Protein chains: 2
Amino acid sequence: MSFYNFEENANPQQEDEHFMRLALNEAKRAYDAQEIPIGAVVVCKGKVIGRGYNLTEQLNDVTAHAEMQAFTAAAQTLGGKYLKDCTLYVTIEPCVMCAGASYWTQVSRIVYGAKEEKRGFTKINQNLLHPKTLLTGGILAEECGSLMSAFFINKRK
Amino acid sequence: MSFYNFEENANPQQEDEHFMRLALNEAKRAYDAQEIPIGAVVVCKGKVIGRGYNLTEQLNDVTAHAEMQAFTAAAQTLGGKYLKDCTLYVTIEPCVMCAGASYWTQVSRIVYGAKEEKRGFTKINQNLLHPKTLLTGGILAEECGSLMSAFFINKRK
């Protein structure tokens, strides 16, 4: 867990990029494990309280997305089910399942890196998030997207 | 696990009601544990290969829906991520998260009991399932819905 506190001395863009880099670190763990490289962290008051990376192959479980694990971990850290003062940082735009999960968490904000053109939830339905959840896309989009491209290029070799 | 094989000697309606009763048994476990009473089983070739009931309170995890657990259990039983020749029986119409999860499993069919008027996925978006997934609603709807009503009436007391 990272206890560096960004609240006092960083601007919002820097803060988003900082936490997206932590989500990218998670994505790289997925890459190293030969999983589709998506990573996520949940941040509350400047601290990482949950993280996860895609483990669908290792766990033989299509529900083991980075976001799902980060949500579960964050709720365990908080000792409460809801993530009302939290932000989810995820390297790739969430799918319908993860957007639906975020609804139940009532997470305050979702920040994603690269857009997911095929199965990103905004492509399917813009209105799947909780009304209280703010959405920001495009933070370190190129780095987040490049890791995915590298994975699929390697896979085809 | 139930190994009663329905393939040879039951009509489809009887088969659906049989397996919905098993999902109802799971829902009753949730009820007894003071959880919102929703239960699910995944059936493959006449056999239950996964089951689950809502555990969001006990696990302090909003993603711990009956369907999610049944999907994960079924994949573990099969040793494969996809549930292509399987049917999910669930007492209440799935939410967006669970419909999104079902997309990734490619489950052949979803059978639900009672409609969920507020957060059922068909209310939000009819097209969240995998194109190969068939949907049937209304099997033992009254029993499935009554268990929910009883739970919420008791909760208000």
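Residues numbered from 1 in each chain as written. Chains lettered and ligands numbered in written order. Predicted model: local features only at pLDDT ≥ 70, side-chain atom pairs only at ≥ 80, totals over all residues. Heavy atoms only, no water.

What about the sheet that holds strand β3 (residues 86-92) of chain B?
Residues and elements named next belong to chain B.
- The sheet built from five strands is open, its strands ordered β2-β1-β3-β4-β5 with mixed pairing. Two strands close off the open sheet at either side, each with one partner strand: β2 (47-53) and β5 (134-136). When the angles between neighbouring strand axes are averaged without regard to direction, this sheet yields 15°.
- Sheet topology note: the strand β4 (residues 109-114)/β5 ladder contains three bridges and is parallel. Paired with R109 across the strands is L134, a residue of β5.
- Contacting β3 and β4, helix α5 (residues 141-156) runs over the sheet at an angle of about 60° to β4. (Pairing = 2+ DSSP bridges. Helix = DSSP H or I, 4+ residues; strand = E, 2+ residues; numbered from the N terminus. Axes fitted to C-alpha atoms, helices over the stretch in contact; angles between N-to-C directions. Contact = heavy atoms within 4.5 Å.)

Quick notes on the pairing of strand β4 (residues 109-114) of chain A
Residue and element names in this part refer to chain A.
- With five of six residues buried, β4 is to be regarded as a mostly interior element.
- One ladder, built from five bridges, connects strand β3 (residues 86-92) with β4; its direction is parallel. Bridge assignment links I92 to a residue of β4, and that residue is A114.
- Following the backbone out of β3, through helix α3 (residues 96-105) and into the adjacent parallel β4, one traces a crossover that is right-handed. (Buried < 20%, exposed > 50% of the residue type's maximum accessible area, 1.4 Å probe, protein only. Right-handed = clockwise from strand over helix to strand, strands pointing away.)

Concerning the relation of the copies chain B and chain A
- Turning chain B through 180° and shifting it by 0.0 Å along the axis lays it on chain A, with an RMSD of 0.0 Å. Each copy turns onto its partner about a two-fold axis. For chain B, the minimum C-alpha distance to the rotation axis belongs to M97 of chain B and amounts to 2.1 Å.
- Most of the interface of chain B is mirrored in chain A, where 100% of its interface residues are also at the interface. (Least-squares fit on C-alpha atoms with pLDDT ≥ 70 in both.)

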